[in-house]
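Structure at a glance
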Amino acid sequence: MEAMTTQAMHKQYSEGVTAFRQHIANPAMRQMFNAGADEFFRRCALGVWQADGESVTPRHVEWYNAIYCKGNPVPSALFWELSTAVGEWSGFQVPAFFQKMLDYDKAYRQNTARRFVDLVTLMLLLFAAVDGAVSDREAGFANACADQLSALCDRAGLPEERPRADAGDFVTRRESAPAPASSAAAAGPQTQTEPPEKLEDLLAELDGLCGLEKVKRDVKSLINLVKVRKLREAQQLPVPPMSLHLVFMGNPGTGKTTVARLLARIYHAIGVLTKGQLVEVDRSGLVAGFVGQTAIKTSEVIQKALGGVLFIDEAYALSSHDNANDFGREAIETLLKAMEDHRSDLIVIVAGYTALMGDFIHANPGLESRFNKYFYFEDYTGEQLFSIFQSMCEKNGYTLSEQGKEFCASYFESLYRQRDENFGNARDVRNTFERAVARQADRVAGLEAPTRTQLMELTPEDLRETPEESGL
């Protein structure tokens, strides 16, 4: 494996930490992470290099001094200082900001802590690649650190939405090349696919989504195009080439993942896909921290998506215009080859902010030729946000008092009118609902014998944000 330059390593570190920081919803927690992340990861690097058991080299010093993000102090360790620090490293310590993440995720049902566990694994693998290889001992150390953090997530009752990264998958095997992903799949047990759902049921589910009127029309038009194409094929009529890969453009929380999941099931129902599952990833799910491993990681994800839809959220993070050797480009090249090799049983949907997705598509000529259908997801209006909130209440057995309805309608209309780049659409609604439920529980718990109505009802008192919450 070819070793990275110090500049490339610093870029990978900075991009990884920055991408994670963008997922931290609470400003106070984000600031705490900013202040402590670099120092924490430098301690992690010491542990990786101690686990490796090899002598510290000047290259280790260069990498150690490159572990910082823009705006934070740049370390200036000397060779003897780093050698001593590696030799005297006393063990992995959970950072103080991680407990803050656990508390926040538990209160508001977020996944910040789980995402951080994956970030730690990837950063430890990045540090291990200082010599161009990842050893079994280094991978074991990375997994042990991740296990310790995951155990705290489990203890806090935080759900694990998807399998976390396994550092063992990236150990460098010098004696033989990695087996192709397709061969591994062929050797595995064959699973029986479920019968397709009824198309009319899926279309009814699509129509039941709040808003998204243009997207609904575009989806139905696409379905008609596919159905007529299949009918022409059955009659041995010529059919023009057609790409079913899609670009979803819009702000967070506008239903892109929900529509992608429905589309996967619809394609299965009309016979375009054999399975109809949705595999959702972002840059961290495709890109490894060193040369050669990104293609393997991306291929493994593609293998899981065969027969269904691969949904790449924030896909623009894969393209980097200031570094031709960025590993995101390796993921794009691997993805493009798979789209050609599996064009009959793989659909790729890339999603992200409208302003950034154009840059992503133009980053590679292959992307421009394969992605020629664009779905635009507009922000939800205040009225639609209120409708989504009411739907959440109904599904979870809550009601709004008359004053609560008035407060909610006014709140979401104001939220929509004053929206900025941090506007989360349905995500903001979900957060509002979960916080209201938590406040209502605190209020009702103080009642001596709450009635059924009191257990269900949300009032303005439950819906207003407290000063403590805004400064959490």
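Model, not experiment: these values are computed from the prediction.

What follows concerns the overall build of the chain. When helices and strands are counted, the chain shows 22 helices and seven strands. For 472 residues, the compact-globule estimate of 2.2 N^0.38 gives 23 Å, and the C-alpha radius of gyration of the chain, at 25 Å, lies within 12% of that figure. Overall, the C-alpha framework of the chain stretches about 75 × 70 × 40 Å when taken along its three principal axes. Taking all 472 residues of the chain together, 47% fall into the buried category. The long-range fraction of contacts in the chain, counting pairs at least 24 apart against all pairs at least 6 apart in sequence, stands at 76%.

Relative to the helices and strands, R115 is located in helix α6 (residues 112–128). According to the relative accessible area criterion, R115 is partly exposed, its value standing at 23%. Considered as a pair, R115 and E160 are 45 residues apart in the sequence and their alpha carbons are 9.8 Å apart. Once residues within four sequence positions are removed from consideration, R115 is found in contact with F20, H23, R162 and D282.

A few words on the packing of helix α2 (residues 27–52) against helix α5 (residues 96–108). Packing of α2 against α5 brings their axes to within 8 Å, and their N-to-C directions diverge by 145°. The interaxial crossing formed by α2 with α5 has left-handed handedness. Counted together, M29, M32, F33, G36, A37 and F40 of α2 and A96, F97, K100, M101 and Y104 of α5 form the full contact between these two elements. When the residues that make up the contact of α2 with α5 are grouped by side-chain class, the tally is nine nonpolar, one polar and one charged.

Attention now moves to helix α13 (residues 293–305). For α13, which comprises 13 residues, the first-to-last C-alpha distance of 19 Å matches the rise-based estimate of 18 Å (1.5 Å per residue) to within 8%. Inspection of α13 places Q293, T294, K297, T298, V301, I302 and A305 among the buried residues, and these make up the whole buried set. Buried positions along α13 lie against α6, β2 (278–281), α12 (283–286), β3 (309–312) and α14 (327–341). Just beyond α13, the residue with positive phi is G307, at close to 90°.

A cluster of nonpolar side chains, L78, F79 and W80, forms an exposed patch at the surface whose accessible area comes to about 350 Å². Note that W80 resides in helix α4 (residues 79–87).

The next point concerns the nonpolar core. Of all hydrophobic cores here, the largest spans 92 residues; its most connected members are F41, F116, F127 and L310. Sorting elements by how many residues they give to this core places α6 first, with eleven residues. Leaving out residues up to four positions away in the same chain, F41 has contacts with Y13, V17, I67, F116, L119, V120, M123 and F127. Counting 49 residues, the second largest nonpolar core, distinct from the first, contains I223, F423, V437 and L458.

Another point: the confidence of the model for the chain. On average, residues of the chain score 84 in pLDDT, and 90% of them are at 70 or above. A low-confidence stretch, residues 174–191 stays under pLDDT 50, and its non-local contacts, those more than four residues away or across chains, total eight contacts.

Right, let's talk about the pattern of salt bridges for a bit. Enumeration over the complete set of coordinates arrives at 20 salt bridges. Overlapping salt bridges bring together K11, E15 and R283 as one network.

Take the sheet that holds strand β4 (residues 347–352) next. Taken in spatial order, the five strands of this open sheet run β2-β3-β4-β1-β5, and their pairing is parallel. What marks the edges here is a single partner per strand, and that holds for β2 and β5 (374–377). Adjacent strand axes in the sheet meet at a mean angle of 20°, parallel and antiparallel pairs treated alike. Its contacts with the sheet place helix α10 (residues 213–234) against β1 (246–250) and β5, and it is angled at close to 160° to β5.

Another point: the packing of helix α1 (residues 6–21) against α6. Between α1 and α6, the least distance of the axes is 10 Å, while the angle of their chain directions is 175°. With respect to α6, the element α1 is oriented roughly antiparallel. Of the residues in α6, those in contact with M9, Q12, Y13, G16, V17 and F20 of α1 are T112, R115, F116, L119, M123, L126 and F127. Residues of the contact of α1 with α6, tallied by class, amount to nine nonpolar, three polar and one charged.

Once that is clear, we can look at the packing of aromatic side chains. All told, the structure shown has 24 aromatic pairs when counted by the stated rule. Between F40 and F41 the ring centres are 5.0 Å apart and the planes differ by 65°, which places this aromatic pair in the edge-to-face class. Since its relative accessible area comes to 1%, F40 is described here as buried. Arranged with centres 5.6 Å apart and planes meeting at 50°, the rings of F389 and F412 form a pair that is tilted. Here the residue F389 occupies a position in helix α17 (residues 382–395), and F412 occupies one in helix α18 (residues 402–417), the gap between them amounting to 23 residues. Both residues of the pair, F389 and F412, count as buried. Members of the aromatic cluster, joined through ring pairs, are Y13, F20, F33, F40, F41, F92, F97, F98, F116 and F127. The side chain of R419 reaches across the aromatic face of Y416, ending 4.1 Å from its centre. The ring of Y108 carries the charged tip of R435 above its face, separated from the ring centre by 4.6 Å.

Parameters at a glance
- Residues numbered from 1 in each chain as written.
- Predicted model: local features only at pLDDT ≥ 70, side-chain atom pairs only at ≥ 80, totals over all residues.
- Heavy atoms only, no water.
- Helix = DSSP H or I, 4+ residues; strand = E, 2+ residues; numbered from the N terminus.
- Rg over C-alpha atoms; globule rule 2.2 N^0.38 Å.
- Buried < 20%, exposed > 50% of the residue type's maximum accessible area, 1.4 Å probe, protein only.
- Contact = heavy atoms within 4.5 Å.
- Axes fitted to C-alpha atoms, helices over the stretch in contact; angles between N-to-C directions.
- Left-handed = near helix turned anticlockwise from the far one by under 90°.
- Nonpolar A, V, L, I, M, F, W, Y, C, P; charged D, E, K, R; others polar.
- Expected span 1.5 Å × (residues − 1).
- Patch = residues over 30% accessible without salt bridge, like charges linked within 9 Å, V, L, I, M, F, W, Y side chains within 5 Å.
- Areas by Shrake-Rupley, 256 points an atom, 1.4 Å probe, with all protein chains shown as cover.
- Salt bridge = Lys/Arg side-chain N within 4 Å of Asp/Glu carboxyl O.
- Core = buried A, V, L, I, M, F, W, Y, C linked by side-chain atoms within 4.5 Å.
- pLDDT = per-residue confidence, 0-100.
- Pairing = 2+ DSSP bridges.
- Parallel < 35°, antiparallel > 145°, perpendicular 65-115°, else oblique.
- Phe/Tyr/Trp six-rings, centres within 6.5 Å; stacked < 30°, edge-to-face > 60°.
- Lys NZ or Arg CZ within 6 Å of the ring centre and 35° of its normal.

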